[in-house]
Each structure stands twice: as C-alpha cells, then as structure tokens.
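# Summary of the model geometry
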Amino acid sequence: MIAPLQAPLVGPLAMLAGHPGAAALAALSWAVLACLLPMVRARWYYPAIWALIVVGVPVLGWLTYLCGPGFGVLFLALGLSLLVWPPVEAMRRRRGQGGTPGALH
C-alpha cells in the first residue's frame with residue numbers, strides 16, 4: 001500500500017519562513033548579537049564566534065534566497081566586519097585603552 005502524500009506545511013511558521021522581513025529581522029538580530037560579542041568573557045569568546053558563524057550562515061542563505069544577492073552580499077560584508085572589527089573594541093582603541101578580546105566582564 002502506498003502512503004498518501006503529506007500535505008505541504010501550511011501555517012503561521014511556513015508563512016513566516018517565506019517572508020523577507022523575517023529573514024531581515026533574523027539577520028539584524030544576528031548583527032546585534034555580534035555587536036555584543038566583545039562583552040563575552042575571554043573563556044567563551046572564540047566558541048561564541050563559532051556559534052555566531054554556525055547560526056549566521058543559514059540566516060545569510062535565507063536572506064539571500066528571499067531578498068536577493070544584493071542584500072546577501074551586503075549582510076555578508078556587515079557580518080565579516082562585525083566579527084573582525086567589533087564596535088566595542090574600536091571604541092576602546094579610539095580611547096587608547098587597548099584591551100584583549102572578551103576583556104569586559
């Protein structure tokens with residue numbers, strides 16, 4: 001006996017997954033978390049970076065799929081710049097305090 005085909009996933013979650021605003025909101029949430037990264041303790045700094053990368057790649061793919069390659073490249077550049085040069089570290093360097101990653105406790 002052949003099993004009947006399952007109905008496609010229709011509901012609030014499926015409608016949300018296809019909405020470009022949801023993808024943009026997820027990307028902006030990722031960016032906020034990346035801005036807060038320097039406030040993580042030094043012990044958790046590099047695992048937090050890897051967690052952001054693991055979460056950010058699917059979000060970037062989702063955003064690119066729904067909003068187009070222009071937004072995808074824009075958020076890729078934003079994400080790379082936030083991971084390489086966190087805003088809090090830049091402010092510390094500007095003030096002349098120096099510091100190491102995750103120095104704020």
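Structural notes, computed from the coordinates.

Calculation notes
Residues numbered from 1 in each chain as written. Predicted model: local features only at pLDDT ≥ 70, side-chain atom pairs only at ≥ 80, totals over all residues. Heavy atoms only, no water. Core = buried A, V, L, I, M, F, W, Y, C linked by side-chain atoms within 4.5 Å. Buried < 20%, exposed > 50% of the residue type's maximum accessible area, 1.4 Å probe, protein only. Helix = DSSP H or I, 4+ residues; strand = E, 2+ residues; numbered from the N terminus. Contact = heavy atoms within 4.5 Å. Phe/Tyr/Trp six-rings, centres within 6.5 Å; stacked < 30°, edge-to-face > 60°. Axes fitted to C-alpha atoms, helices over the stretch in contact; angles between N-to-C directions. Parallel < 35°, antiparallel > 145°, perpendicular 65-115°, else oblique. Left-handed = near helix turned anticlockwise from the far one by under 90°. Nonpolar A, V, L, I, M, F, W, Y, C, P; charged D, E, K, R; others polar.

## Notes on the nonpolar core
The biggest cluster of nonpolar side chains holds 10 residues, and these are W30, A31, A34, L37, Y45, A48, I49, L52, L82 and L83. At the level of elements, α2 (20–35), α3 (45–67) and α4 (69–84) are the ones that each hand at least two residues to this core. Counting residues per element, this core draws most heavily on α3, which supplies four residues. Ignoring sequence-local partners within four residues, the contact set of A31 consists of L78 and L82. A23, A27, L63 and F75 belong to the second-largest nonpolar core, a separate cluster that totals five residues.

## Side note on the packing of aromatic side chains
All chains considered together, the criterion is met by one aromatic pair. Ring centres 5.2 Å apart and planes at 85 degrees place the aromatic pair Y45 and Y46 in the edge-to-face group. With relative accessibility at 6%, the residue Y45 sits in the buried group.

## Here we look at the packing of α2 against α4
Look at α2 against α4: their axes get within 9 Å of each other, and the N-to-C directions meet at 15 degrees. Judged on the interaxial angle alone, α4 and α2 are roughly parallel. Handedness of the crossing formed by α2 with α4: left-handed. Contact residues: A27, L28, W30, A31, A34 and C35 in α2; F75, L78, G79, L82 and L83 in α4. Per-class residue counts for the contact of α2 with α4 are 10 nonpolar, one polar and no charged.

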